[in-house]
Amino acid sequence: MTNPVARAADLLKEHRDSIDRLDAILVFTLAERFKHTQAVGRLKAQHDLPPSDPAREDRQIARLEELAAQANLDPAFAKKFLNFIIQEVIQHHKQHQS
């Protein structure tokens, strides 16, 4: 028979290992995303396009909220997260234009 405390410790380690792997996936995914948004920023700067596109941002937020609902993730959290990313991207785009 397994000691319940030892079993809980094993389960906790398994969950934490999964969280660590997922954190790595998030970091590498964000890095790839920003690689593309940096390219978009350079392209916008070269062609005198505005750093932000509010219509696209609205579409992306709606899309992410829908994906979040499908994934059983709080859509309000997903919206807040995407808004944070969008603001960071806009700052990068502004830097390319200076």
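Analysis parameters
- Residues numbered from 1 in each chain as written.
- Predicted model: local features only at pLDDT ≥ 70, side-chain atom pairs only at ≥ 80, totals over all residues.
- Heavy atoms only, no water.
- Helix = DSSP H or I, 4+ residues; strand = E, 2+ residues; numbered from the N terminus.
- Rg over C-alpha atoms; globule rule 2.2 N^0.38 Å.
- Buried < 20%, exposed > 50% of the residue type's maximum accessible area, 1.4 Å probe, protein only.
- Contact = heavy atoms within 4.5 Å.
- pLDDT = per-residue confidence, 0-100.
- Patch = residues over 30% accessible without salt bridge, like charges linked within 9 Å, V, L, I, M, F, W, Y side chains within 5 Å.
- Areas by Shrake-Rupley, 256 points an atom, 1.4 Å probe, with all protein chains shown as cover.
- Salt bridge = Lys/Arg side-chain N within 4 Å of Asp/Glu carboxyl O.
- Lys, Arg positive; Asp, Glu negative; His and termini not counted.
- Charge placed at Lys NZ, Arg CZ, Asp CG, Glu CD.
- Axes fitted to C-alpha atoms, helices over the stretch in contact; angles between N-to-C directions.
- Left-handed = near helix turned anticlockwise from the far one by under 90°.
- Nonpolar A, V, L, I, M, F, W, Y, C, P; charged D, E, K, R; others polar.

A. Just the overall build of the chain, in detail. Regarding its fold elements, the chain presents three helices and zero strands. Taken against the 2.2 N^0.38 rule, which gives 13 Å for 98 residues, the C-alpha radius of gyration of the chain at 19 Å runs more than 25% over that of a compact globule. If one aligns the C-alpha atoms of the chain with their principal axes, the spans along those axes are about 70 × 25 × 15 Å. Buried positions account for 17% of the 98 residues belonging to the chain. Counted over contacts in the chain with a minimum sequence separation of 6, partners at least 24 positions apart contribute 65%.

B. Representation of the confidence of the model for the chain in the model. Within the chain, residue pLDDT values average 93, and 99% of them lie at 70 or more. Of all secondary-structure elements in the chain, the lowest mean pLDDT belongs to helix α3 (residues 75-97), at 89, while helix α1 (residues 4-46) reaches the highest, 95.

C. Spotlight on a nonpolar patch on the surface. A surface patch of nonpolar side chains, about 280 Å² in accessible area, is lined by L73, F77 and F81. Tracing the backbone shows F77 in helix α3.

D. Layout of the side chain of K44. Along the chain, the position of K44 falls in helix α1. Here K44 sits buried without a salt bridge, and the closest side chain of opposite charge, D53, lies 5.6 Å off (N-O distance). Once residues lying within four places of it in the same chain are set aside, the contact partners of K44 are L49, P50, P51, S52, D53, H93 and Q97.

E. Up close: unusual backbone geometry. Non-glycine residue D48 carries a positive phi angle of around 50°. As for its position among the elements, D48 is in the loop between α1 and α2 (54-70). Of the residues examined, D48 reaches a relative accessible area of 72% and is grouped as exposed. With a phi angle near 60°, N72 is a residue other than glycine that sits in the positive phi range. Inspection of the secondary structure puts N72 in the loop between α2 and α3.

F. View of a positive patch on the surface. A cluster of basic residues, R33, R56, R59 and R63, forms a positive patch on the protein surface. No other element matches α2, which puts three residues into the positive patch.

G. Representation of the packing of α2 against α3 within the structure. Across the interface, α2 lies against α3 with an axial gap of 9 Å and an inter-helix angle of 145°. At the point where α2 passes α3, the crossing takes the right-handed sense. For the pair α2 and α3, the contacting residues are E57, Q60, I61, L64, E65, A68 and A69 in the first and P75, A78, K79, L82, N83, I86 and I90 in the second. Looking at side-chain class alone, the contact of α2 with α3 contains nine nonpolar, two polar and three charged residues.

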